[in-house]
Amino acid sequence: MSKQTSSTSPATVAISARGASRLKDGHVWVYRSDIVSADGVPAGSLVSVVDHRGQRLGSALYSSSSQIAIRMISQEPVGDFPALLRQRLADAIAYREAMVRDTNAHRVVFSEGDFLPGLIVDRYNDIVSMQILTQAMDAESVRAALVSELSERLHPASIVERVDPRVRQLEELPARSSGLVRGEKSSTIFTMNGVQFHFDALEGQKTGAFLDQRENYAAAAQYAHGEALDGFCYQGGFALHLAPRCSRVSGGDSSRPALEVADRNAALNHAQGNVREIEWIEANAFDLLKDYSASGQRYDTIVLDPPAFAKTKRDLDAAVRGYKELNLRALKMLRPGGVLVTCSCSYHVSQTDFLQMLADAACDARRTLRLAEVRGQSKDHPILLNVPETAYLKCVIATVSN
Ligand code: SAH
């Protein structure tokens, strides 16, 4: 694959009227079907984008294999992408300094949301984790700028790369393994909202966190009380936040390794005197809710944060049925005055779809729900208003009044 260097002037890609109108509406993607000509354009290169009449639309990163052929990076000409990347990283870090509180773990770069499409960077205390998702971001000159800028600005003990092999295959990039790219340290402890978690980038059970839920953990804790169940608890994100507020907390998950980390996280906080004992249950949440419901178990707080049920638009109906079944079961088990914290990370299930699903579930369960908060992802995952794909997480906190 040829590599773009900063000294060559960008190749030109012409796009259709439909592609151009999408960009004029503020989106940043052009699909392959809207590419008119990209002859001889090197894979992963910086390109100049023109419409079918030859009018310049700006600068973009080109992928020779992805369905998203063009990801715009500027409306202006760009000569040196690594230099632009350095500036955008500085801006992303400054944005977090202004917006992010009560944590030493947060997303530092959220791809399109930080005008760096194809790049994810997370910080877990003194370890920085990066993920490269496109040909352009994989170029050696880009990697070098990325690692040096992250080191200079964040001074981490180490930087690790988290590889998604499927993405590299789709981008036709050579296979690569996850691992340290700078420094030696691969595990640490991070703190969100005063709750501590293990992070281990390499060995044993990989750990990490759903950083996008960080603000929702704190919000949920404000309403949580009594007996609580976190049905898809993973490594304990919600359960650990609820524990100081509740008389009893159970965390269920179908993954035993996730529960083992959850237990280690609980011990960490227990040792600090912050958290009471949590019961961890290895179970399919659908079965757990059904069995516990049948045996008359009731709760005051239930959290539902399942994996994405709709991976594509085609899955939408089945996904909504799945969410409805879960929420219906949970609603039936909540005592009057109880709190439901219910989430969906499926982009294809819109906030409107999700609220409608919840309204239908409440109706079927014969419960009256009052919305306390309709929330989304934490602010370190910035949403670009004109790029709807950057908004994916829904988190609704509601109380049951009868
Ligand atoms: N709330 C967690 C993240 C949950 S991710 C946090 O904030 O950290 C979704 C979790 O659901 C994963 O841990 C996965 O193991 C678990 N899971 C997937 N299908 C499940 C099922 N049917 N029943 C229970 N857990 C399931």
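What this report covers is the structure whose coordinates are included nearby. (Residues numbered from 1 in each chain as written. Predicted model: local features only at pLDDT ≥ 70, side-chain atom pairs only at ≥ 80, totals over all residues. Heavy atoms only, no water.)

**Concerning the side chain of glutamate 149**
- Structurally, glutamate 149 is set in helix 4 (residues 140-154).
- Since its relative accessible area comes to 6%, glutamate 149 is described here as buried.
- When neighbours within four sequence positions are excluded, glutamate 149 is seen to be in contact with Arg86 and Leu89. (Helix = DSSP H or I, 4+ residues; strand = E, 2+ residues; numbered from the N terminus. Buried < 20%, exposed > 50% of the residue type's maximum accessible area, 1.4 Å probe, protein only. Contact = heavy atoms within 4.5 Å.)

**A short note on the sheet that holds strand 11 (residues 179-182)**
- Reading across the sheet, the five strands line up as 7-8-9-10-11 and stay open at both edges, with mixed pairing between neighbours. Each end of this open sheet is capped by a strand with a single partner; those strands are strand 7 (105-110) and strand 11. Ignoring which end each strand starts from, the neighbouring axes of this sheet average 25° apart.
- One ladder, built from four bridges, connects strand 9 (residues 127-132) with strand 10 (residues 158-161); its direction is parallel. Pairing of methionine 130 across the sheet is with glutamate 161, part of strand 10.
- Sitting on the sheet, helix 2 (residues 81-99) touches strand 7 and strand 8 (119-124), and the angle it makes with strand 7 is about 145°.
- Against the sheet, helix 4 contacts strand 7, strand 8, strand 9, strand 10 and strand 11, and its axis sits at roughly 155° relative to strand 9. (Pairing = 2+ DSSP bridges. Axes fitted to C-alpha atoms, helices over the stretch in contact; angles between N-to-C directions.)

**A word on the pattern of salt bridges**
- Following the criterion strictly, the structure yields 22 salt bridges and no others.
- Where lysine 185 meets aspartate 126, a salt bridge forms, and the shortest distance between an N and an O atom there is 2.5 Å. Of this pair, lysine 185 sits in the loop between strand 11 and strand 12 (187-192) while aspartate 126 sits in the loop between strand 8 and strand 9, placing them 59 residues apart in sequence.
- For the salt bridge of aspartate 364 with lysine 324, the shortest nitrogen-to-oxygen distance reads 2.8 Å. Here aspartate 364, found in helix 11 (residues 351-365), pairs with lysine 324, found in helix 10 (residues 316-333); they are 40 residues apart in sequence, far enough to count as distant.
- For lysine 324, a relative accessible area of 24% gives the class partly exposed.
- Connected through salt bridges with shared partners, the residues Asp138, Arg143, Glu161, Arg168 and Arg176 form a single ionic network. (Salt bridge = Lys/Arg side-chain N within 4 Å of Asp/Glu carboxyl O.)

**Examining the site of the ligand**
- Around the ligand, 16 residues are found, and the nearest of them are Tyr217, Asp253, Ser254, Ala285 and Asp305.
- Here an oxygen atom of the ligand and a side-chain polar atom of tyrosine 217 are 2.6 Å apart.
- Serine 254 has a polar backbone atom sitting 3.1 Å from a nitrogen atom of the ligand.
- When the ligand sits alone it has 580 Å² of accessible area, and the protein chains cover 85% of it.
- Within the shell around the ligand, the residues separate by chemical class into nine nonpolar, five polar and two charged. (Near = heavy atom within 4 Å. Polar contact = N/O pair within 3.5 Å; in protein donor to acceptor, adjacent residues only side chain to side chain. Areas by Shrake-Rupley, 256 points an atom, 1.4 Å probe, with all protein chains shown as cover. Nonpolar A, V, L, I, M, F, W, Y, C, P; charged D, E, K, R; others polar.)

**Quick look at the layout of surface pockets**
- Here the second largest pocket defines a volume of roughly 340 Å³.
- Along the wall of the second largest pocket there are 17 residues; nearest its centre are His27, Val28, Met72, Ser74 and Gln75.
- At the level of secondary structure, the elements contributing two or more residues to the lining of the second largest pocket comprise helix 1 (17-24), strand 5 (56-62) and strand 6 (68-74).
- At three residues, strand 6 tops the list of elements feeding residues into the lining of the second largest pocket.
- Split by residue class, the lining of the second largest pocket holds eight nonpolar, five polar and four charged. (1 Å grid on protein atoms, 1.4 Å probe; cavity = no way out; pocket = protein on both sides within 12 Å on 5 of 7 lines; lining within 4 Å. Points joined across faces, edges and corners; volume = space filled by probe spheres on them.)

**So, the nonpolar core**
- Within the largest apolar cluster, 36 residues are counted, with the highest numbers of intra-cluster contacts made by Leu242, Val249, Ile278, Trp280 and Val341.
- Contributions of two or more residues to this core are made by strand 12, strand 13 (195-200), helix 6 (214-223), helix 7 (237-242), helix 8 (256-271), strand 16 (278-282), strand 18 (334-344) and strand 20 (394-400).
- For this core, the element with the most residues is helix 7, which contributes four residues.
- Among the nonpolar cores identified, the runner-up in size contains 29 residues, and Ala285, Leu289, Ala310 and Leu328 belong to it. (Core = buried A, V, L, I, M, F, W, Y, C linked by side-chain atoms within 4.5 Å.)

**Topic: the environment of aspartate 102**
- Following the sequence through the fold, aspartate 102 ends up in the loop between helix 2 and strand 7.
- Accessibility expressed as a relative area gives 61% for aspartate 102, which makes it exposed.
- Considering only alpha carbons, one finds aspartate 102 and serine 255, 153 residues apart in sequence, at a separation of 29 Å.
- Apart from residues no more than four positions distant in its own chain, aspartate 102 is found in contact with Thr191, Met192 and Asn193.

**Quick notes on the pairing of strand 14 (residues 227-230)**
- What you see with strand 14 is no split at all: Glu227 and Leu229 on one side and Ala228 and Asp230 on the other are buried throughout.
- Sheet analysis places strand 14 next to strand 15 (residues 248-253), joined by four bridges and oriented parallel. The partner of glutamate 227 across the bridge, within strand 15, is arginine 248.
- A crossover links strand 14 with its parallel partner strand 15, the connecting element being helix 7, and its sense is right-handed.
- Where strand 14 and strand 17 (residues 299-304) come together, three bridges link them in parallel fashion. Across the sheet, the residue bridging to leucine 229 is isoleucine 302, located in strand 17. (Right-handed = clockwise from strand over helix to strand, strands pointing away.)

**As for the environment of leucine 46**
- Looking at the secondary structure, you find leucine 46 in strand 4 (residues 46-50).
- A relative accessible area of 3% places leucine 46 in the buried class.
- With 317 residues separating them along the chain, leucine 46 and cysteine 363 place their C-alpha atoms 53 Å apart.

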